Amino acid sequence: MNKKKFAGIFLSLSLLTGIAAGCGAQTGGSAEDTIKIGANLELSGGVASYGQSVSEGLELALEEINKEGIDGKKLQLVKVDNKSEAAEATSGALKLVSQDKVAAVVGAATSTNTLAQVEILAKNKVALITPTGTNPAITNKDGKVNEYAFRTCFIDPFQGTVAANFAADELKAKTAAVYIDSASDYSKGLAAAFKESFTKAGGKIVIEEAYIAKDTDFRATLTRIKSSKPDFVFLPGYYEEVGLIIKQGRELGIDVPFMGGDGWDSPKLAEIAGGDALNNTFITNHYSAGDPDEKIQKFVNAFKAKYKDKSPDAFAALGYDTAYYLADAIKRAGSADPVKIQKALADTKDLALISGKLTLDKNHDPVKSAAILEYKDGQQQFKTNVEPE
Amino acid sequence: MEYIQQLINGISLGSIYALIALGYTMVYGIVKLINFAHGDVFMVGAFVGFYSITVLKLPFFPALILAMTVCALFGMMIERIAYKPLRNATRIAALITAIGVSLFIEYGMIYVRGAQPEAYPGTVLPKETIELFGLSVSSQSLFILGISVLLMILLQFIVHRTKIGKAMRAVSHDAEAAKLMGINVDNTISATFAIGSALAGAAGVIFGVYYIKIEPLMGIIPGLKAFVAAVLGGIGIIPGAMVGGLVLGVIESLVSAMGFSLWRDGVAFIVLILILIFRPSGLFGKNMREKV
């Protein structure tokens, strides 16, 4: 190769990179018109169904919000898959903050994986909103409010209390068994609140048992529960194990009502347990797609149109609500500055969302109502709404 | 009465361990290799069964046979690719390879289809609860126990009454001498892997039908438990694996029955440690001279 040719190639190459750099600068310019929002969710792994639902709800809402934009800016979602593991959630949060420089983070869908991110985000002064993490410690640990942690859902003690009152008043249960997932903060939180309220209502806890997530054989413990003859079984857990426990429990002849929280809410539950076994079981949840309210039905129809006639579960609804909650805060903050957004999130009052009106109390916990649903032949039926006291 | 019910629970859990342990013990008996990928072949079997029932719309038995066939071929392939080149290497090298193969299958499966669980259709086998004196036994668990016993008898027959079984015993005794006597050692080892993996495949399908939920990492714990069961009965001894599996299942159920359900897995491994300390050759280890 002669020198001239080489120089020519070199020149044209440098010209090209010059143009490319120019382009880069231009897209960089337009990047200022988008606000990046992180989503650190369970897109695969044991509770993937939750993360995927939240993600679908988020996307639908952002699509609607971006039609107008916020002060001419569009919201852009940066997704991270935490594989349903706390360690992955922690490193995902780090990546969102340090590499993507997001304005706020949505996630995770479960309490344990959310708790794994709280400290990192607080240290970097980026607000975290969990759509569905219900453990109280997310927003308030040892009596101290975590300034940068927020949520769109109600907290565990409320769910546990609602379940206990429902068991005592509606189902007339005098004795109850409590069967928890010993590795889940969520499950323990619900159980603690349930025990307190159920005993206060005059009931008696006859047996407390625990399992470890990923177990598949629960017959031995269920046999123990059966011989303690409870009127009611409280089973706060996630759908994978809950499905198997209900199925095996019914096979062993435990025919009393089972009840749990929003962790049951997944179409997989009915597949695993079978529709028959699910009869006479109840859950407390954030909302019901069967609620005749106009706003809810509008959301349900939009969701079905986007996702091939799939009915949105509570996780999808809360993902959707979280996007609106955040968009509202960004609008009021008038800036993509994470610290200003944090302030706006904390000041939210009477924001009308799908899962009810959202007002934050001093712990950053929303004050809103819970729905009670009953399973009939594998389908959720809306029973009643319970207002907070 | 509760304890008899627990005994029944334990036996149905144990017969799954036994079924996986049969394959473990056979491969060890002949090649002296602890095939840690065995639990993952079990997982592959569960998925093959699942897809043949849901996608190909096969009934239970054809699905079972298809899963066994696919797993047999899969097991032979693993042996040819991963273990055969290491046949004259140290045993620790082969062991480490087995762990690598195991991780490869697990995460390969996640790569192919994602990590979310799948639910077996509930209508594959008639499911009835038989009530007897206040005890409930599901027809499925009787069925599983039946299949485990049947496969064990079949295995004993193959090993002791057929030509290939004779070759297996000869290879396990002394591979060099067997070669001198005109036995094709490679084919014999392939056949061992095929039979062992087919058993794991059968266990996978049965597990799916009985426990409904299957996922790519489902082979790890049952695989380890089956290993404990095989060691408990005396690794390399076929009836030992069967008894070891049943004993382990019953121990686990009794531990839960006493209210220590969180200690269940721990106790299984304590059993392993105790056996290795006090009776390293296993419960059936002493009187048997020939290992297959």
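Since the model is a prediction, treat every value here as computed from it, not as a measurement.

A. A look at the overall build of chain B. Helices and strands together make up the secondary structure of chain B, namely eleven helices and four strands. Against the 2.2 N^0.38 benchmark of 19 Å for 292 residues, chain B shows a C-alpha radius of gyration of 19 Å, consistent with a compact globule. In terms of its C-alpha atoms, chain B occupies a principal-axis envelope of roughly 60 × 45 × 35 Å. Here chain B holds 292 residues, and the buried ones make up 55% of them. Restricting to contacts in chain B with at least 6 residues of sequence separation, those with at least 24 account for 77%. Total accessible area computed for chain B in this model is approximately 12,700 Å², and 72% of it derives from carbon and sulfur atoms. Averaging the locations of the 20 positively and 14 negatively charged side chains of chain B gives two centres separated by 10 Å.

B. Layout of the UniProt feature "transmembrane region" (unreviewed entry) in chain B. As recorded in UniProt, the feature "transmembrane region" (unreviewed entry) lies at residues 6-26, 59-78, 90-112, 132-159, 189-212, 224-250 and 262-279 of chain B. Between the end C-alpha atoms of residues 262-279 of chain B there is a gap of 27 Å, over a span that is 83% helix and 0% strand.

C. Fine view of the pairing of strand 2 (residues 74-81) of chain A. Residue and element names in this part refer to chain A. Pairing of strand 1 (residues 34-41) with strand 2, which is carried by eight bridges, proceeds in the parallel orientation. In the sheet register, Ile35 faces strand 2, and the bridge partner there is Leu75. As for the winding sense of the linkage, the β-α-β connection from strand 1 through helix 2 (residues 48-68) to strand 2 is right-handed.

D. Quick look at the UniProt feature "domain: Leucine-binding protein" (unreviewed entry) in chain A. Mapped onto the present numbering, the UniProt feature "domain: Leucine-binding protein" (unreviewed entry) falls at residues 34-378 of chain A. Across residues 34-378 of chain A, the secondary structure splits into 44% helix and 20% strand, with the terminal C-alpha atoms separated by 43 Å.

E. A look at unusual backbone geometry. All names here are of chain A. Between Gly107 and Ala108 the backbone carries a cis peptide bond, its omega angle lying at -10°. Backbone geometry places Lys125, a non-glycine residue, at a positive phi of 55°. Examined against the element boundaries, Lys125 turns out to sit in the loop between helix 4 (111-123) and strand 4 (127-130). Residue class for Lys125 comes out partly exposed when judged on its relative accessible area of 45%.

F. Structural view of the environment of A:Ala302. All names here are of chain A. As for its placement among the helices and strands, Ala302 is situated in helix 11 (residues 294-306). For Ala302, a relative accessible area of 28% translates into the label partly exposed. Separated by 222 residues in sequence, Ala302 and Val80 have C-alpha atoms that sit 25 Å apart. When near neighbours in sequence (up to four residues on either side) are disregarded, Ala302 contacts Leu60 and Glu64.

G. Spatial organisation of the sheet that holds strand 12 (residues 281-285) of chain A. Residues and elements named next belong to chain A. Spatially, the seven strands line up as an open sheet ordered 9-8-10-11-12-15-16, and their pairing is mixed. Two strands lie at the open edges of the sheet, namely strand 9 (204-211) and strand 16 (379-386), each paired on one side alone. Shown here is a sheet whose adjacent strand axes are inclined to one another by a mean of 25°, direction ignored. Looking at chain direction, strand 12 and strand 15 (residues 370-376) are connected through four bridges and run antiparallel. Counterpart to Phe282 in the pairing with strand 15 is Glu374. Each of strand 8 (175-181), strand 9 and strand 10 (232-234) touches helix 7 (residues 219-227); the most contacted strand, strand 9, lies at about 175° to it.

H. Quick look at the interface of chain A and chain B. Between chain A and chain B, the residue contacts involve 29 residues of the former and 28 residues of the latter. Taken together, both faces of the contact between chain A and chain B bury some 2,500 Å²; the carbon and sulfur share is 52%. On the chain A side of the contact with chain B, A:Asp217, A:Arg224 and A:Glu251 bury the most area, a combined 20% of that side's loss. Counting every contact that joins chain A to chain B gives four salt bridges. Close ionic contact of A:Glu240 with B:Lys213 constitutes a salt bridge, the shortest N to O distance being 2.9 Å. Counting the contacts that link chain A with chain B gives eleven residue pairs in polar contact (both at pLDDT 80 or more). Mapped by element, the contributors of at least two residues to the side of chain A that touches chain B are strand 9, helix 7, helix 8 (239-251) and helix 9 (267-273) of chain A. With seven residues, helix 7 of chain A is the single largest residue contributor to the side of chain A that touches chain B. Of the residues in the side of chain A that touches chain B, the class split is eight nonpolar, eight polar and 13 charged.

I. The pairing of strand 3 (residues 135-138) of chain B, seen in detail. Here strand 3 of chain B shows a buried face lined by B:Leu135 and B:Val137 and a second buried face lined by B:Ser136 and B:Ser138. Linkage of strand 2 (residues 129-132) of chain B to strand 3 of chain B, two consecutive antiparallel strands, is achieved through a turn of two residues, within which B:Phe133 is found at a positive phi near 45°.

J. How the structure looks around the confidence of the model for chain A. For chain A, per-residue confidence averages 88 on the pLDDT scale, and residues scoring 70 or more make up 92% of the total. Every residue in residues 18-30 of chain A is under pLDDT 50, and counting partners more than four places away or in other chains gives zero contacts.

K. Spotlight on the domain arrangement of chain A. Residues and elements named next belong to chain A. Split by domain assignment, chain A resolves into domain 1 (3-154 + 296-358) and domain 2 (156-285 + 371-386). Across the contact, 17 residues belong to domain 1 and 18 residues belong to domain 2. Both faces considered, domain 1 and domain 2 share a buried interface measuring about 1,400 Å² in area, 53% of it formed by carbon and sulfur atoms. The largest per-residue losses of area from domain 1 upon contact with domain 2 belong to Tyr50, Thr134 and Phe154, which jointly make up 37% of the total buried on that side. Taken together, domain 1 and domain 2 are joined by zero salt bridges.

L. Local environment of the packing of helix 6 (residues 163-173) of chain B against helix 8 (residues 185-211) of chain B. Residues and elements named next belong to chain B. Put simply, helix 6 and helix 8 touch, their axes get as near as 10 Å, and they point 105° apart. One element, helix 6, and the other, helix 8, form an angle in the roughly perpendicular class. Here helix 6 contributes Ile164, Ala167, Met168 and Val171 to the contact with helix 8, which in turn contributes Val185, Thr188, Ala191, Thr192 and Ile195. For the contact of helix 6 with helix 8, the per-class residue count stands at seven nonpolar, two polar and no charged.

Reading the values: rules and limits
- One numbering rule holds for all chains: residues counted from 1, following each sequence as written.
- To label them, take the chains in the order written and letter them from A, then take the ligands in the order written and number them from 1.
- pLDDT decides what is reported in this predicted model: residues at 70 or higher carry local features, side-chain atom pairs at 80 or more are listed and counted, and totals for whole chains, interfaces and linings draw on all residues regardless.
- Hydrogens are left out, water is left out, and the side-chain values use all remaining heavy atoms of the structure.
- Helix and strand definitions here come from DSSP, where helices need a minimum of 4 consecutive H or I residues and strands a minimum of 2 consecutive E residues; each element is numbered from the N-terminal end.
- Just to be clear, the radius of gyration here is over C-alpha atoms, and the globule rule we use is 2.2 Å times residues to the power 0.38.
- Throughout, exposure labels follow a simple rule: accessible area from a 1.4 Å probe, protein chains only, divided by the maximum for the residue type, with under 20% read as buried, over 50% as exposed, and the rest as partly exposed.
- By definition, residues are in contact when any of their heavy atoms lie within 4.5 Å.
- Using the Shrake-Rupley algorithm and a 1.4 Å probe, accessible areas are obtained, with residue cover drawn only from the displayed protein chains.
- Positive charges come from Lys and Arg, negative ones from Asp and Glu, while His and the chain ends are left out of the count.
- Here the site of a charge means NZ on Lys, CZ on Arg, CG on Asp, or CD on Glu.
- UniProt positions are given in the numbering used here, feature names are shortened, and annotations may be inferred rather than shown by experiment.
- Two strands are counted as paired when DSSP detects at least two bridges linking them.
- Throughout, right-handed denotes a crossover for which the path from the first strand over the helix to the second runs clockwise when the strands point away from the viewer.
- As a rule, the C-alpha atoms of each element are fitted with a line to give its axis, helices using only the stretch in contact, and angles between N-to-C directions run from 0 to 180 degrees.
- When two components associate, each loses some accessible surface as probed by a 1.4 Å sphere; the sum of these losses over both components is called the buried area.
- We count a salt bridge whenever a side-chain nitrogen from Lys or Arg sits within 4 Å of a carboxyl oxygen from Asp or Glu.
- In the analysis that follows, any N or O atom pair within 3.5 Å is treated as a polar contact, provided that within protein one partner can donate a hydrogen and the other can accept it, and provided that, for residues neighboring in sequence, both atoms belong to side chains.
- Any residue that is not Ala, Val, Leu, Ile, Met, Phe, Trp, Tyr, Cys, Pro, Asp, Glu, Lys or Arg is counted as polar, Gly included; the first ten are nonpolar and the last four charged.
- Predictor confidence is given residue by residue as pLDDT, running from a minimum of 0 to a maximum of 100.
- Bear in mind that the domain bounds are from an automatic or database domain assignment.
- Note on terminology: angles under 35 degrees are roughly parallel, angles over 145 are roughly antiparallel, angles of 65 to 115 are roughly perpendicular, and the others are oblique.

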